[in-house]
Amino acid sequence: MAGHDDIVGVNAGPYYAQVMGVDGEFLHCELVANKFLSTEWHLDSSQEQALQDRGWALGVPSAGPNWSQEVPRAGAPWSVAAEILSALREVYRVDVKHLQPHGPTP
């Protein structure tokens, strides 16, 4: 995404989430979509509906092909982390002990 200043993410197997600083006001959050997953790892329609119910949008032209949300930076870090971990655990059915964080290098 053009204009991001940092990317922080987490992955477990084929699933990943990432958060990018877009500007001084918003964070762009993404969860991997089926387009980037092998067929055996695809989300089914009920999982995709669960993401929509949680406020995630798929394939927003300005955001790209993954599931995405833009949230205000103010007070966001804890709520963003909680939502991403919850979505990975509850929708993607990831065991959180398998999560591997990654972030910007100094």
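Per-chain numbering applies: the sequence of each chain, read as written, is numbered from 1 onward. Per-residue local features of the predicted model are confined to residues with pLDDT of at least 70, and side-chain atom pairs are confined, for both listing and counting, to 80 or more; whole-chain, interface and lining totals are unaffected and use all residues. In computing side-chain properties, one takes all heavy atoms of the structure into account and sets aside hydrogens as well as water.

K.L.:
So what's going on with the pairing of strand S5 (residues 67-72)? Which residues, and what values?
P.N.:
Here, a strand pair is defined by DSSP locating no fewer than two bridges between the strands. Secondary structure elements follow DSSP: runs of H or I no shorter than four residues count as helices, runs of E no shorter than two count as strands, and numbering proceeds from the N terminus. Across 6 bridges, strand S3 (residues 26-31) lies against S5 in antiparallel orientation. What sits directly across from Leu-27, in S5, is Val-71. Across 2 bridges, strand S4 (residues 57-58) lies against S5 in antiparallel orientation. Bridged to Leu-58 within S5 is Trp-67.

K.L.:
Describe the packing of aromatic side chains, naming the residues involved and giving the relevant values.
P.N.:
Each pair of aromatic rings taken from Phe, Tyr and Trp, with Trp reduced to its six-membered ring, is defined by centres within 6.5 Å and is described as stacked if the planes are under 30 degrees apart, edge-to-face if over 60, and tilted in the remaining cases. The final tally for this structure, using the stated rule, is 2 aromatic pairs. When the ring of Tyr-15 is compared with that of Trp-41, the centres are 5.9 Å apart and the planes differ by 90°; the resulting orientation is edge-to-face. Taken as a pair, Tyr-15 in strand S2 (residues 15-21) and Trp-41 in the loop between S3 and helix H1 (45-53) lie far apart in primary sequence, 26 residues in all. Its relative accessible area of 39% is what places Trp-41 among the partly exposed residues. On the basis of an interplanar angle of 70° and a centroid distance of 5.0 Å, the ring pair of Tyr-15 and Tyr-92 is categorised as edge-to-face. Taken as a pair, Tyr-15 in strand S2 and Tyr-92 in the loop between helix H2 (76-90) and strand S6 (100-102) lie far apart in primary sequence, 77 residues in all. Here's how the labels work: a residue is buried when its accessible area is under 20% of the maximum for its type, exposed when over 50%, partly exposed in between, all with a 1.4 Å probe on protein chains only. A residue is classified by how much of its surface remains accessible, and Tyr-15, at 9% relative accessible area, is buried. An aromatic cluster is present here, built from Tyr-15, Trp-41 and Tyr-92 joined pairwise through their rings.

K.L.:
An account of the pattern of salt bridges is requested, with residue identities and associated values reported.
P.N.:
Between Lys or Arg on one side and Asp or Glu on the other, a salt bridge is scored when a side-chain nitrogen of the former is within 4 Å of a carboxyl oxygen of the latter. The tally for this structure, following the rule as stated, stands at 4 salt bridges. The partner of Arg-89 in a salt bridge is Glu-90, with the nearest N and O atoms 3.8 Å apart. Overall, the relative accessible area of 40% leaves Arg-89 in the partly exposed class. Assessed through its relative accessible area of 48%, Glu-90 is described here as partly exposed. In this structure, Asp-95 and Lys-97 form a salt bridge, with 3.8 Å as the shortest nitrogen-oxygen distance.

K.L.:
Talk me through the pairing of S2; I want residue IDs and the actual numbers.
P.N.:
By the criterion of burial, S2 is predominantly enclosed, with 6 of the 7 residues buried. Bridging between strand S1 (residues 7-12) and S2 involves 6 bridges; their strand directions are antiparallel. Counted as the bridge partner of Val-10 is Ala-17 from S2. Connecting S1 to the antiparallel partner S2 that follows it, the hairpin turn spans 2 residues, and Gly-13 within it adopts a positive phi of roughly 60°. Across 5 bridges, S2 lies against S3 in antiparallel orientation. Its bridge partner lying in S3, Ala-17 is registered against Leu-31. The turn joining S2 and S3, which pair antiparallel and follow one another in sequence, is formed by 4 residues.

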